[in-house]
Every structure is written in C-alpha cells, then in structure tokens.
Amino acid sequence: MKKTLLLCLTLLLSITLAACGTSDDSSTENDTTNDSDTSENANDNNADSNTEGESTDTNDNSGATGGNDGLDLTSVSLSVEDAVSAFQEKFTDARVSSIQLDEERGELVYDIDGFDDSMEYSAEINQSGEIIAEEQEQQDADDRYEELALDDYITAEEALSTASEASEADGITARGWSLEFENGSPVYEINFEDMGSQEVDVYIDAESGEQLHVEVDD
C-alpha cells in the first residue's frame, strides 16, 4: 500500500514538473518572439526616419544652389530709350534728370526721375516696359534740376565697357549703373560688386567717355 502511494506521488510530481517545463518553454518562446518583433519595428522606424532625413537634406541642398548669381547688364531686353519713352508717356512733358538700372526682386529695373515746371516724378519700369511703381510730388522752392540729353552722351553699354577696363574692377561683376549730373556734368556711375565682399564704383564722363575716378569699398 505504501509502495503504491509513493508511486502515485512520484508520478504526480513528474507530471507537475513536466507541465511547468512546458509552460516555461512557451513563455520563453513568446518573449523571444516579442523581442524580435520589437527589434524589427525599431529598425523599420529608424529606416523610415533616415529616409525622411535624406529627403529633407536633398531639398535643402537644391534650394541652396538655386541662387541667382546676378543679371547680365549688357543684354537687357528694354533699351534706355524705350524706358524713357514709357516714363514720358506716363508723365507728359516731363524732362529726365536721372536714370538708374539695377536689380530688384530678381529682375533688372529702370528707376527714372524727372521734372517739369512745378512737379517732380519718379517711376520704376521693368523689362517689359511696364511701370511697376510711380511717385509724383510738388517741387520745393529750392529744388534744382538739370535735364539729361541722351543723344549727346555715350551709351550705357559703352560706359560699362570702359568701366570694366579699370584694374580695380578686374574679375568683379557689374551689378548696376546710373546716369545723372554731378557738379554740373553728366556722369555714369558703374557699380561692381563681388557677392557683397568688395564693391567698386567707376565714374565715367558721359560726354567724353573718359574714366574720371574709381572708388573702392572693401
């Protein structure tokens, strides 16, 4: 009887131990599976994050290299004469006192000033011949104006060519020019600028075409 009871207890203990072992193995397998899934999800997230980062970098680089390196002053689509005609069509009988060609908002724009007997005028004209900004106001009692006579002067292209021969402007890009009276004489001022690090202004006599002087701003 005792032997039978002992055998039953032994058999019961064996069954219990076997069941525990199976449960542990199953738990271990589940833990391993969960760890594997977690690792795969983390890797997938990292891959997605890296892909998004690479896409952002590409966009940033393309934007950085898309800058405008200056417009060509020698190949404008609207001539000085046409710009003056547009100005005088807007302001009838106005006489021109100064002309400037410069870059504004990514395009070349003429800025023309003029006057008549009582008013002074200003207009910005784009390369399509359109007036994109204008202003007019009453003259002050002490204002003095002189009228430009374009037919008597060298052209802006000739002034630009002469100014480019100045040693101080060698290797620097011309960014704009202006024509107005200085000390009673019509003078072209040609502006050269090297991406903001150096600026050179060359002054040309509009009547003789001779270089007057050069100013360098480092």
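Residues numbered from 1 in each chain as written. Predicted model: local features only at pLDDT ≥ 70, side-chain atom pairs only at ≥ 80, totals over all residues. Heavy atoms only, no water.

K.L.:
Which parts of the structure should I look at to understand the overall build of the protein chain?
P.N.:
Counting its secondary structure elements, the protein chain contains 3 helices and 8 strands. Reading the helices (α) and strands (β) of the protein chain from amino to carboxyl end gives α-α-β-β-β-β-α-β-β-β-β. For the protein chain, the proportion of contacts with a sequence separation of at least 24, taken over those separated by at least 6, is 44%. On the protein chain, roughly 14200 Å² of surface is accessible, and the fraction owed to carbon and sulfur atoms is 44%. (Helix = DSSP H or I, 4+ residues; strand = E, 2+ residues; numbered from the N terminus. Contact = heavy atoms within 4.5 Å. Areas by Shrake-Rupley, 256 points an atom, 1.4 Å probe, with all protein chains shown as cover.)

K.L.:
Is there a simple way to think about helix H3 (residues 156-164) in this case?
P.N.:
Because the α-helix completes a turn every 3.6 residues, residues three or four places apart line up on one side. Every buried residue belonging to H3 is among Ala-156, Ala-159, Leu-160 and Ala-163, and all of these are buried. One face of H3 carries all of its buried residues, which in axial projection span an arc of 100 degrees. (Buried < 20%, exposed > 50% of the residue type's maximum accessible area, 1.4 Å probe, protein only. Arc of directions from axis to C-beta.)

K.L.:
Even after reading the chapter, I still don't get empty space enclosed by the protein, so can you show me in this structure?
P.N.:
Any empty space left between the atoms is revealed when a probe the size of a water molecule rolls over them. Going through the model one piece at a time under the given rule, you end up with 1 cavity of 30 Å³ or more. By volume, the largest cavity amounts to about 40 Å³. Surrounding the largest cavity, Leu-73, Val-76, Val-80, Leu-101, Tyr-110, Ala-156, Glu-157, Leu-160 and Trp-177 form its lining. Looking at the lining of the largest cavity element by element, the count peaks at 3 residues for H3. (1 Å grid on protein atoms, 1.4 Å probe; cavity = no way out; pocket = protein on both sides within 12 Å on 5 of 7 lines; lining within 4 Å. Points joined across faces, edges and corners; volume = space filled by probe spheres on them.)

K.L.:
How do you make sense of the layout of surface pockets when you look at a structure like this?
P.N.:
Estimated volume of the largest pocket: approximately 170 Å³. The wall of the largest pocket is formed by 15 residues, among which Val-80, Glu-81, Thr-155, Ala-156 and Tyr-188 lie closest to the centre. If you list the elements that add at least two residues to the lining of the largest pocket, you get helix H2 (80-90), H3 and strand S5 (173-182). Classifying every residue of the lining of the largest pocket by side-chain character gives 10 nonpolar, 2 polar and 3 charged. (Nonpolar A, V, L, I, M, F, W, Y, C, P; charged D, E, K, R; others polar.)

K.L.:
Quick question: what am I supposed to make of the sheet that holds strand S2 (residues 107-115) here?
P.N.:
Paired through backbone hydrogen bonds, the strands of a sheet run either parallel or antiparallel to each other. As summarised here, the arrangement of the 8 strands in space is S4-S3-S2-S1-S5-S6-S7-S8, forming an open sheet in which the pairing is antiparallel. The strands lining the two open edges of the sheet, one partner per strand, are strand S4 (131-138) and strand S8 (211-217). Pairs of neighbouring strands in the sheet enclose a mean axial angle of 15 degrees, with direction left out of account. Summarising the sheet, strand S6 (residues 185-193) and strand S7 (residues 199-205) pair through 7 bridges and their orientation is antiparallel. (Pairing = 2+ DSSP bridges. Axes fitted to C-alpha atoms, helices over the stretch in contact; angles between N-to-C directions.)

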